[in-house]
Each structure stands twice: as C-alpha cells, then as structure tokens.
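Fold and contact review
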Amino acid sequence: MDQSLFDVVVVGAGVVGCAVARRFTLEGARIAVLEKSTDILDGASKANSAILHTGFDAPEGSLELACIRDGYAEYQTIRDSLGLVQDNAGAYVVAWTQDELRNLESIKAKAHLNGVTDVELVDAETLRAREPNLSRNALGAVHVPGESLIDPWSAPHVYLRQAMENGAKVFTSCEVTDGGFDGAEWRVVTTNGTLRTRHVINCAGLYGDTVNRALLGETHFEVKPRKGQFVVFDKAASGLVSAIILPVPSETTKGIVVFRTVFGNLAVGPTAEEQDSRTDASTDEETLKALIADGINKVPALKDMPVTATYAGLRPASEQKEYRISATSEQNWITVGGIRSTGLSGALGIARHVYGLYENMGASHDKLPDPVIPKANMLSEAGLRDWKQDGAGEVVCHCELVTRREIEAALHGPLPARSLAGLKRQTRATMGRCQGFYCSARLAELTDGCFVSAMAEKLPHE
Amino acid sequence: MSDVDVAIIGGGPAGLAAASALKSAGVERVVVLEREAEAGGIPRHCGHPPFGLREFNRLLTGPSYAARLVSSAQTAGVDIRTLTTVVEARAGGNLLLVTPTGVTELKAKRVILATGVRETPRSARLVSGPRVAGVVNTGALQSMVYLTKRRPFQRPVIVGSELVAFSAILTCRHAGIRPVAMIEGNERVTARWPCALFPRLAGVALHTGSRLVEILGDTKVEGVVLEDAKGQISRIECDGVILSGQFTPEAALARSGHLLVDPATGGPQVDQWGRMSDPTYFATGNVLRPVETAGWSWSEGGRTGQWVARDLAGLLPESEPSVRVSVNDHRLRYAVPQNIVLSQDVGGMRDIQLRVAQHVDGELIAECDGEQIWGRKLRAGPEQRVLVQTHEIASACAGRDVALRISEPTD
Ligand SMILES: Cc1cc2nc3c(=O)[nH]c(=O)nc-3n(C[C@H](O)[C@H](O)[C@H](O)COP(=O)(O)OP(=O)(O)OC[C@H]3O[C@@H](n4cnc5c(N)ncnc54)[C@H](O)[C@@H]3O)c2cc1C
Ligand SMILES: Cc1cc2nc3c(=O)[nH]c(=O)nc-3n(C[C@H](O)[C@H](O)[C@H](O)COP(=O)(O)OP(=O)(O)OC[C@H]3O[C@@H](n4cnc5c(N)ncnc54)[C@H](O)[C@@H]3O)c2cc1C
C-alpha cells in the first residue's frame, strides 16, 4: 500500500464517505478512502427510496435538518455540472383518516419553521385532480413541492469519482481492522496492509460503532440496524402517480411511501423493522404481500401491475434519531455515524459540516483552484441514456436498455465493478422486468475475469 | 409513406413463420426485427429434441431447428435484422429502434408482435430470503449452458414441474450439473406422463405438495426451505435454485405503450385475427398467452402472416362490432382471443384458447348477462389447454359479452 502520509483516511465508501471524500479533496486535503466491500455503496447506501428530501419534516433545530438543507442546496448547485439528475416530483403527505387530516396543519407549520416555506395544504378535490389514480379515500394532503427523486447510486458514485480525479486514492476490498494513534499520526491497519494518516473519518455506516471500538477503543453510540423492504412495480405503473405519496408519519417511522424512481419504475416501501444483523437484507413474502396490498389501497390500478423487483435496505440507525457526528480532537478522529434515513439527502451537507469540524481541529488546506469535474453515469429513463447515442452497439440488458459500451465502461472504468451488484448499480443491468432471464448468459461472458466471484464457470468439457 | 409493409418484432418460431407466410402471400417488404445477435428465439438455447416434427417432419434439437427456421425465412426473402431492439411501439405502426449504428424510426403498414414468453423471476414470485447469487430461471441457465458454455452452479434444486422443468434436468445433465431435488407445490407433477417418471430416472428427488418458502445463503445460495402440505418445514442443501415455468408474455412493448393488455394472459388483447386495440398491430405466438410449444407458435405465426396479408389487401372485417370474451372463474386462467368480431367472415382463430389453473371435473359454460348460452363437459388438469370453437360462441352470444366459467357436476 501507499506508504506516504495522508491528511485524512475516510473509512467506508457509502454515500456519506463518498461525499466526505469529495469535500475534503476539493478543500485541498490528500485523502484515501478504504472500503471493505469489492464495490462502493454496498452497505446502507445500496438500497433506499432515492428521495432528495427538503427537510420539511426533520426534527426542528437538529443537525440532521441543517445537513439536509445544506445538502439539498449544494445538490442544486453541482447538479448540472456533474450531470446529475433530479426529478422535481414534489410530494403529498396524504391523510387517509380524519385523525391524520387534523394533523396536516401541524405538518405544514413544522415545514415552515424548518424553512421549507413553499409547503401548503391541498384539499381532497385538488389532490384528486392532480393525482387522479389515487384512491378516493384520500382526504387531503400537504403539498411539498421540493421533494425530489434522484439516482441513489450515480450521485455518490460521481462524488467519489470527483475526489479520485482530483487526487484521492480509493482502496476497495480493504477492511479497516485495527489502528493506533501516536499523538500526531494514525497507523490504520487493513486487510490489505497499513496506511499512515494524520486524521481518520469514520463513515462506516452499519459498522460505525464497530470501527470506533476497534480503533478508538470506545464508541459513543450503538448501531441498531433497521430494515426497510420495497416492492417495485412494472414500468407501466410509473404513470400512475406523478408526485411522491407520503403517509402522515408516526413517532417511529416516515411510513410506507409510493414513489416513482428516475429509472422509470414505481415502488412501494419501505418498512421499518428493527433487527440485530448488519448484513441480512432478506425480504419476506408476507411483508411484500402487505406492501403490495398497501400500494393497491392507495393506488387501486396497481392491482393489474406485475412486480418487477423486490429489495431491502438496512438503515444504520442508532439509539437516537439525531445523526451521531462527533469529533475526538485529541485523537484526530471524527465519527460520522447514525446517518439513519436521510443520508442520501444530507450527504453533501454532512461533508461540509465535517470539514468544519476538521478545521476546528486546527487543520487547513488550500482549496483546489481548478478541480476536475467528471460526469455522472446517466441511468435516468428521461435522460440521455447511452442507447440513445450513436455507436452504442449492442444492447445487452434489454429490459433496462443497457449497452455493451456501458458495461465495459463500468468493468474497466476508474471504479471498476467487481461484483454483479456493483455492476447493477453502475449500469442497471438485470434490474428490469426479466431480472436476468435474457441477459445473464451474455453478462457472464462479458464479465469473465472481472468479478471477484464469477457469475458462472466455464463448462469443464467444452 | 411507409418504410416497409410489415415489421415483425421478434424472430422466434412465430415471427419467422409469420414473415415466411407473408412473403408466400406476395407481400413485398417484410422485415423481422430481432434484438439478439441471432434470430431463432427460445429454441436457440433448448439444446434437446423434440423440435421440428410439425414444421420439417424431422426430429431436431432446438438450435438446429432455430437455424432451419432462419434459413427458410431468408430463402423466402425475409429481411432479418438482428441486434435490433424495438424500444417503442407507437400509434399507427411507428417503431423506435436501437440498432448497432444508432437509434432510428421505422414506419410499417402493419406490425406483428411476436416477442414470446419468459419465466417469472424470483422477485415477482416474492420468494423470501436474502438476495444471493445462484437463483436463475431455466431460460438463463439454458443460455449459459448452450450459448456461452458456462454453468452457474453444480447442485441446484429445480422449482416447478411443468415441461420446462424437465428441460432443465436435461440442460443440467449436459453441463455436468447434478440437481438435488425437484419441488412442486401441487400434489402431482404438472407435466404429463412419461415426464413424471423422469426425475426418478435421472436421480433427482421429487418433492410434490411442497412449497419453496425461503432461499438461504450469505452471498451465494446455500440451501432452500420447503413447507409440505402438512406444514412440515424441511431444508435442502444446494448451491443454486432453478425457478422454472410460471410463464409470462414478454409484452413490455404493449404494456408501456398505447396497446391494451389483458391482465389475465399478460399479453396484448386481440381479436380472432390477432389484431390488437390499434388495428395496425397484430400479435402471434407465445406473446399471446403462456404457453404453447414451438410447433404451435410456428403454426400460429404462419396463419397470422396470412391474415395480415389479407388485411393489407383490405380483406379483413373492421374491428367492430365485437364482443368481449373473458373468464370468470379462478380455475380458468385466461381466454384468447379476448374480442370476437361479429362478421360474416368466419376466418381467424378457429378456437378460443383457455387454460385450466387446477384440476377440474365439471361443466365448462359460457354465459351472457348471467344466462347460459353454451356448455360442455370438462375434465382437465393444471396447465392444460382447452379449445372452444370461436363460431359456436359467436353465434350463440347474440351480440353480448361472454364470460366462461366452470359449474360443478350435478349428478
Ligand atoms: C430503506 C431505506 C430507505 C431510505 N430512503 C432514503 C431516502 O429516500 N432519502 C435519503 O436521503 N436517505 C434514505 N435512506 C438513508 C440512506 O440510505 C442512509 O442514510 C445512507 O445510505 C447511509 O450512508 P452511510 O455512508 O452512512 O453508510 P453505508 O452506506 O453503510 O456506508 C458505510 C460503508 O462503510 C463500509 N465499511 C464498514 N466497515 C468498514 C471497515 N471496517 N473498513 C472499511 N469499510 C467499512 C461499508 O462496507 C459501507 O460501504 C434510506 C435508507 C434505507 C435503508
Ligand atoms: C425457458 C423456456 C424453455 C422452453 N422450452 C421449450 C421446449 O423445450 N419446447 C417447446 O416446444 N417450447 C419451449 N418453450 C416455449 C417457447 O416459448 C416456444 O418454443 C417458442 O419459442 C415460442 O415462439 P415465439 O416466436 O412466440 O417466441 P420466442 O421464441 O420467445 O421468440 C421471441 C423473440 O422476440 C425477440 N424479442 C423480444 N422482444 C423484442 C424487442 N423488443 N425487439 C426485438 N426483438 C424482440 C426475442 O429476442 C426472441 O428472439 C420454452 C420457453 C421458455 C421460456
């Protein structure tokens, strides 16, 4: 491994680590990102609702709110230059019962307090006119125009690429296991060797507490994984709603959402299920059936729509609702933990906040005068996908129209896909209706020698 | 101005047969648009007989059958364009295509949708468990084994017992894969004798009346959990799962465009000529319904080619007046065609095709406004095809929509 002294080592390449890596690099720090998986975005960040939140319902005065507001704002300013997508779907917090209807006023008031001032109430009739496929049982809603849909993988992916193209080093299949601080320098021990750095930023998501314990010797929080399951319906369903349909939230969860994706699907989820396992993102039939029923209750036309995909994600929740970000100045250490359910929205804001903490420790750099600005993968159905461009050649995944050129770019690019899951996040291959019925064989061939664990082995007698 | 007379989407048995028939009927510009590198459809990767008896009077394997279909279409003068994916089917026969050189549009006087069927993947079956590698449909396994000479596992279980599950066994044997079990939810194997004997002969343990309830594993399949009819849970160690059957039409083009889809078949709604809700579009082969053999799809394609040629000559009746035909019984999966045009012309599909979902022993009856207009005895097992003559229903319905159901025997 590189034996020079880094300014900062970032542990974990989830959305938070990617955004932190980008911010620190742009500010002029020399950084290394260490990720234990074969591919980035393989923890909590692999499965979420892909909503860029405004913060309208975040706890008043919280760090979470501040980060979401800052993150949202920065996303607007970098979006076009990085080639990121944003579908300004807007959201309706829909009341389905009289009790919920009475709650709408306070949801609006809270949004205004949080600085989201374009939020307003709409009556049942207006809601129906705008969302004609919504069940007749909708009694009214709060309209939040700023809630948006984004690509949950291409965004963090390009954050990290921007860091890399401006000098950051990224090591995958590299788990941080141990380390020591001598008062000036950290020695970070990984499964791939040892690195030297002045500062460490722990962005280990579902393992934030574990990494704290292993290197700091203590942790100020415990990760309490909370699973969320989803059902994704056929693309034909995406025309059934235009906005994000949110329920009136309860104490513990934002509840089951009906939302489109920028990939052109309609999804229903997530659930909120506490569990001990930090890895088990199983789906179960009973819950999926309940989600489908919930979707049909809200949008009756979903009844005749086939299911395309099902998936689950694990939120790196902790004992508290608030983000668990803290600086241990004596040890040049910052923990960015407990980024539970809004990390995709908050990441850019979190990164700025963390850079502030870092400066408070006395570190300083000169901003990069003229940073390289890479372009994100364009996987949004509405965007200029590769298949729409000349010379794309063969279409490999027919359902998601993924080209051979895109697959090869993902396999041989700056952050090469080393697993099918990683390839999916970079290209969407096999994520459509047939789930690999038509293209698995071709993919097994194209990915030969690229994956850590091959999709298939060559027949012995051929 | 049209670029071609007929564009056929899909170069499987049905599409190739339709194209050849159109050429024989004297239609000039006939193109087959096929998204794979080779035309031939599903048989390309069914490396086993029996194919071709009906078409070529010979016993062929799938790949040689597919090659023959392609060469006879080419001999007939059909323009087959491979690596050409139709991404949108727009009103009036306007198609948006992705080709190796870029995106283009193609305007056809008539379009035939012949995109076939695929199997239902894990996701849509809602199978519980983590998302591990090694869960595939038969089609993907066959493509790996026969087209790219690879195998994704060595000791899988096979879920389902339709005919295709037996193809899966053959495919496995060819690749040196040893299936450890075949799992069927019903009490009996779905495919008929002599298939039922086959798993035992091949040394595959057969678990009927058992439901796959969970797939286990960390990153790869490590086992499956079954539940039998008595609620007993058991576990089988394996390194893969083949999800076979539960076919569904590959009707994405119809579904996400302007063409009406029948939720019962999952395919487009058609009349007895295979004509869809936009009368420039026709459908044929397995995209119409799950599922028939290659031979059946091929014959159907040939007939559809003739009907489309007649339509181009202005010889098909208008789409209206028509009546709807539907099934109103959970023991019947679907009825095709979904519309019957009422006309002097008795051409088109001779039969309404029904499929039985579970064992039935009773009377199949047709009703209009609750009044029985037709009936006959019916005894059939799951996935069995039942044919009802189109003209019998058309003449009895007196212009009213028709619902088909099963009434219990009344000894
Ligand atoms: C169901 C669900 C729905 C959600 N919906 C939304 C939404 O709509 N909008 C939104 O803004 N947010 C949403 N979120 C929240 C968002 O996904 C998370 O907040 C975010 O992904 C957390 O990212 P992270 O980087 O903190 O953690 P992670 O993504 O878990 O990243 C941590 C990384 O660290 C690596 N790592 C761990 N230990 C080590 C080690 N020892 N050495 C090296 N690497 C290590 C892991 O492999 C991982 O890649 C949702 C989350 C879930 C689960
Ligand atoms: C896994 C599996 C195994 C089977 N095994 C057997 C068997 O052993 N024996 C048997 O008799 N039947 C078998 N069948 C049934 C099979 O459907 C028929 O044999 C036959 O292939 C149906 O012919 P078709 O022309 O309707 O469809 P297909 O053969 O499926 O052909 C459809 C063609 O359309 C193309 N296509 C689809 N969408 C587009 C698009 N948008 N643009 C361009 N091209 C497109 C596809 O690439 C394909 O080539 C099997 C089916 C499956 C799924």
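Residues numbered from 1 in each chain as written. Chains lettered and ligands numbered in written order. Predicted model: local features only at pLDDT ≥ 70, side-chain atom pairs only at ≥ 80, totals over all residues. Heavy atoms only, no water.

The name that an unreviewed UniProt entry assigns to chain B is Thioredoxin reductase, with the source organism given as Litoreibacter halocynthiae.

For chain A, the name recorded in an unreviewed UniProt entry is Glycerol-3-phosphate dehydrogenase, with Litoreibacter halocynthiae as its organism.

The next subject is the domain arrangement of chain B. Residue and element names in this part refer to chain B. Domain parsing of chain B yields domain 1 (1-117 + 248-316), domain 2 (121-245) and domain 3 (320-411). Inter-centroid distance (C-alpha atoms) of domain 2 to domain 3 is 34 Å. Carbon and sulfur atoms supply 53% of the area buried between domain 2 and domain 3, which totals about 320 Å² over both sides. When the area that domain 2 buries against domain 3 is broken down by residue, the three leading residues are Arg188, Thr190 and Arg192, summing to 74%. The tally of links between domain 2 and domain 3 comes to zero salt bridges. Class assignment for the residues of the side of domain 2 that touches domain 3 results in no nonpolar, two polar and three charged. (Domains from an automatic or database assignment. Buried area = accessible area lost by both parts, 1.4 Å probe. Salt bridge = Lys/Arg side-chain N within 4 Å of Asp/Glu carboxyl O. Nonpolar A, V, L, I, M, F, W, Y, C, P; charged D, E, K, R; others polar.)

Further remarks concern the sheet that holds strand 24 (residues 371-380) of chain B. All names here are of chain B. Ordered by their spatial adjacency, five strands build an open sheet running 21-19-26-23-24, and the pairing between neighbours is mixed. Strand pairing shows two members of the sheet lacking a second neighbour, strand 21 (339-341) and strand 24, which therefore form its edges. Within the sheet, the average angular offset between the axes of one strand and its neighbour, ignoring direction, is 25 degrees. As paired elements, strand 19 (residues 322-327) and strand 26 (residues 402-407) share three bridges and run parallel to each other. In the strand pairing of strand 26, valine 325 is matched with valine 402. (Pairing = 2+ DSSP bridges. Helix = DSSP H or I, 4+ residues; strand = E, 2+ residues; numbered from the N terminus. Axes fitted to C-alpha atoms, helices over the stretch in contact; angles between N-to-C directions.)

Here we come to the UniProt feature "domain: BFD-like [2Fe-2S]-binding" (unreviewed entry) in chain A. The feature "domain: BFD-like [2Fe-2S]-binding" (unreviewed entry), as annotated in UniProt, sits at residues 395-446 of chain A in this numbering. Strand forms 10% of residues 395-446 of chain A and helix 46%; the C-alpha atoms that close the span are 12 Å apart. (UniProt positions renumbered as here; feature names shortened; annotations may be inferred.)

Residue and element names in this part refer to chain A. Near ligand 1 you find 41 residues, and of these Glu35, Ser45, Ile51, Ile339 and Ser345 are the closest. Contacts to ligand 1 include serine 341, whose backbone N or O atom sits 3.1 Å from a nitrogen atom. Protein contact buries 98% of the 1,000 Å² of open area that ligand 1 shows by itself. For the shell around ligand 1, the elements supplying multiple residues, two or more each, are helix 1 (15-26), strand 12 (226-233), strand 17 (307-315) and helix 8 (343-360). Across the shell around ligand 1, the residue classes break down as 21 nonpolar, 15 polar and five charged. Both domain 1 (5-48 + 153-222 + 320-360) and domain 2 (86-149 + 224-314) contribute no fewer than three residues apiece to the shell around ligand 1. (Near = heavy atom within 4 Å. Polar contact = N/O pair within 3.5 Å; in protein donor to acceptor, adjacent residues only side chain to side chain. Areas by Shrake-Rupley, 256 points an atom, 1.4 Å probe, with all protein chains shown as cover.)

This part is about the pattern of salt bridges. Inspection of every chain in the model, using the stated rule, returns 56 salt bridges over all chains. Here lysine 235 of chain A makes a salt bridge to glutamate 381 of chain A, at a shortest N to O gap of 3.1 Å. Residue lysine 235 of chain A is found in the loop between strand 12 and strand 13 (244-247), and its partner glutamate 381 of chain A is found in the loop between helix 8 and strand 20 (395-397); the two are separated by 146 residues along the sequence. When its relative accessible area of 38% is taken as the criterion, glutamate 381 of chain A is described as partly exposed. Notably, a salt bridge pairs arginine 118 of chain B with glutamate 250 of chain B, separated by 3.0 Å at the nearest N-O pair. Here glutamate 250 of chain B lies in the loop between strand 17 (247-249) and helix 8 (252-255) and arginine 118 of chain B lies in strand 7 (residues 117-119), a separation of 132 residues in the sequence. Accessibility assignment for this pair places arginine 118 of chain B and glutamate 250 of chain B in one class, buried. A cluster of three or more residues bridged by salt bridges with shared partners is formed by Arg22, Arg23, Glu27, Glu74, Arg352 and Lys367 of chain A. (Buried < 20%, exposed > 50% of the residue type's maximum accessible area, 1.4 Å probe, protein only.)

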